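# Tertiary structure, described
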Amino acid sequence: MTFIEQMKRKAKLNQKTIVLPESTDLRVLTAVSEAAKEGLAKVVLTGRKAEILQAAGDIDLSQVTIIDVAESDKREAYSQAFYELRKSKGMTIEKARELLLDPVYFGMMMVKLEDADGLISGAVHSTADTLRPALQIIKTAPGTSLVSSFFVMAIPDCDYGANGVLLFSDCGLNENPNAEQLSDIAISSAHTMKNLLGITPVVAMLSYSSYGSAKSEMTEKVVKATALAKQKAPELEIDGELQVDAALVERTAKLKAPGSTVAGRANVLIFPDLNTGNIGYKLVERLGKAQAYGPITQGLAKPINDLSRGCKAEDIVGVIAITAIQAQA
Ligand SMILES: CC(C)(COP(=O)(O)OP(=O)(O)OC[C@H]1O[C@@H](n2cnc3c(N)ncnc32)[C@H](O)[C@@H]1OP(=O)(O)O)[C@@H](O)C(=O)NCCC(=O)NCCS
Ligand SMILES: CC(=O)OP(=O)(O)O
């Protein structure tokens, strides 16, 4: 069974309600129709009903709930609750009412007030426009200070990672994490690999240097983050700093990082910043023909997940399954 088949099987066990606010995008419409047909979740579209039906054309939405945000009798209650949440940051009730006509904010408040279990946006909106309202409204999970994001990469005909399944982080949210934040991203990603994907994490802290082969402020950040991660979570298999070939390829690992138990067998790759993470995942997706699911967030109080504007309907179906599993936790 492939990785995504396993995720779908798990999602079906406990039907969660997942909102998709980009309700006139053809990829989203195709994906929700497919997800509902497969029984992955109870799928909800937010937006203007007439526009959604017009955009859908022949796509079967008979098993999908459509909420017209302008007609909903929940809009005033959501506006009031949103205003209360953000009034100390300058929100007014008038502005809150206006924002609640936006299907993303409406969906976010559905999740906040437990009328839905998770939300996925980002096929049309930029990551900032999806994740900023999530950070403002849903906020961090108890005991977490830093939200980060990851991609699950499923690479065909690949022996690296867990039979071609790897977790890449952070490729979507934190632009230039400091050493402390990078160590937190590594630890969260390791827990996600174990708890969400059921795979024992082997975490590589990536750099352009392996075990001191180069030295600069950039490599030192990764060295420090590795030490902090090992100190904070000694039970986890984490090592660095490692070049990506040393992290993945056993023969290269022996040469570049002798004695490392992580090098040559990593399945969680921690990128030093968002430039490397975002470029790295897109290279593997496009040139390695990998399926890229994400950016999925970790550390939010409820599952709110992003997509790339370059995503396919098939990727969205996968993210619906993953979001539903996160909501089961
Ligand atoms: C997501 C992003 C917009 C947040 O930006 P920001 O400037 O910190 O946003 P804000 O200052 O408005 O912060 C919003 C809230 O989120 C909180 N926050 C921001 N980043 C956070 C993080 N990583 N973890 C936890 N909380 C965070 C802030 O503290 C703030 O809380 P408050 O308003 O309740 O006080 C920004 O990190 C970003 O643009 N990231 C890059 C996204 C991107 O372009 N990715 C590439 C494509 S995938
Ligand atoms: C994750 C990501 O890179 O998103 P986008 O392609 O929409 O910028």
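Sequence positions are assigned chain by chain, starting from 1 and proceeding in written order. Labels are handed out in written order, letters beginning with A for the chains and numbers beginning with 1 for the ligands. Where local features are concerned, this predicted model is filtered to residues with pLDDT of at least 70; where side-chain atom pairs are given and counted, the filter is 80 or more; whole-chain, interface and lining totals use all residues. The side-chain quantities take in all heavy atoms of the structure and omit both hydrogens and water.

### A few points about the layout of surface pockets
- Within this scheme a cavity is a closed region of a 1 Å grid, computed over the protein atoms alone, that accommodates a 1.4 Å probe without allowing it to escape, whereas a pocket is open but has protein on both sides within 12 Å along at least five of seven lines; lining residues each have an atom within 4 Å of a point. Grid points are joined across faces, edges and corners, and a volume is the space filled by probe spheres set on the points. By volume, the largest pocket amounts to about 600 Å³.
- Looking at the lining of the largest pocket, the elements that each hand over two or more residues are α9 (179–195), β10 (291–298) and α14 (313–328).
- Only DSSP runs of H or I with at least four residues qualify as helices, and only runs of E with at least two residues qualify as strands; both kinds are numbered from the N terminus onward. Here the lining of the largest pocket gets 4 residues from one element, more than from any other, and that element is α9.
- The calculated volume of the second largest pocket comes to roughly 490 Å³.

### Quick notes on the UniProt feature "domain: Phosphate acetyl/butaryl transferase" (unreviewed entry) in the chain
- UniProt positions are given in the numbering used here, feature names are shortened, and annotations may be inferred rather than shown by experiment. As annotated in UniProt, the feature "domain: Phosphate acetyl/butaryl transferase" (unreviewed entry) corresponds to residues 3–324 in the numbering used here.
- Measuring from the first to the last C-alpha atom of residues 3–324 gives 15 Å, for a span that is 46% helix and 16% strand.

### Digging into the site of ligand 2
- Any residue with a heavy atom positioned within 4 Å of a molecule or strand is treated as near that molecule or strand. Around ligand 2, the neighbouring residues are Thr127, Phe151, Asn278, Tyr281, Lys282, Pro295, Ser308 and Arg309.
- N or O atoms closer than or at 3.5 Å make up a polar contact, with two conditions inside protein: a donor-capable atom paired with an acceptor-capable one, and, for residues adjacent in sequence, both atoms drawn from side chains. A distance of 2.9 Å separates an oxygen atom of ligand 2 from a polar side-chain atom of Asn278.
- Between ligand 2 and Ser308, the relevant distance is 2.7 Å, taken from an oxygen atom to a side-chain nitrogen or oxygen of the residue.
- Computed on the free molecule, ligand 2 has an accessible area of 260 Å², of which 86% lies beneath the protein chains in the complex.
- Counting residues per element, the shell around ligand 2 draws most heavily on helix α13 (residues 274–287), which supplies 3 residues. Exposure was quantified through the Shrake-Rupley algorithm and a 1.4 Å probe, taking into account, for residues, occlusion by the shown protein chains and nothing else.

### Some thoughts on empty space enclosed by the protein
- The full count for this structure, using the stated rule, is 1 cavity of 30 Å³ or more.
- Roughly 50 Å³ of volume is contained in the largest cavity.
- Contributing to the lining of the largest cavity are Phe151, Tyr281, Glu285, Ala292, Tyr293, Gly294, Leu307, Ser308, Cys311, Asp315 and Val319.
- Here the lining of the largest cavity takes 3 residues from β10, the largest share from any one element.
- Classifying every residue of the lining of the largest cavity gives 7 nonpolar, 2 polar and 2 charged. Classification convention: Asp, Glu, Lys, Arg as charged; Ala, Val, Leu, Ile, Met, Phe, Trp, Tyr, Cys, Pro as nonpolar; all other residues, Gly among them, as polar.

### So, a nonpolar patch on the surface
- Like-charged residues within 9 Å of one another, or nonpolar side chains (Val, Leu, Ile, Met, Phe, Trp, Tyr) within 5 Å, are grouped into patches, provided each residue has over 30% relative accessible area and no salt bridge. For salt bridges, the criterion is a side-chain nitrogen of Lys or Arg within 4 Å of an Asp or Glu carboxyl oxygen. Taken together, the side chains of Ile279, Leu283 and Leu287 present a nonpolar region at the surface, about 320 Å² in accessible area.
- Positionally, Leu287 belongs in helix α13.
- What makes Leu287 exposed here is its relative accessible area of 68%. Three labels apply to residues, based on accessible area from a 1.4 Å probe with only protein chains included: buried if under 20% of the type maximum, exposed if over 50%, partly exposed otherwise in between.

### Brief notes about the pattern of salt bridges
- One pass over the structure, following the stated rule, counts 17 salt bridges.
- Taking the shortest distance from any N to any O, the salt bridge between Asp25 and Arg27 comes out at 3.0 Å.
- Look at Arg27 and you get partly exposed, because its relative accessible area is 23%.
- Of the charged contacts in the structure, one is a salt bridge between Glu180 and Lys232, with a shortest N-O distance of 2.7 Å. Taken together, the residues Glu180 in helix α9 and Lys232 in helix α10 (residues 217–232) connect sequence positions 52 residues apart.
- With a relative accessible area of 37%, Lys232 lands in the partly exposed category.
- The network of salt bridges with shared partners includes Arg48, Asp68 and Glu71.

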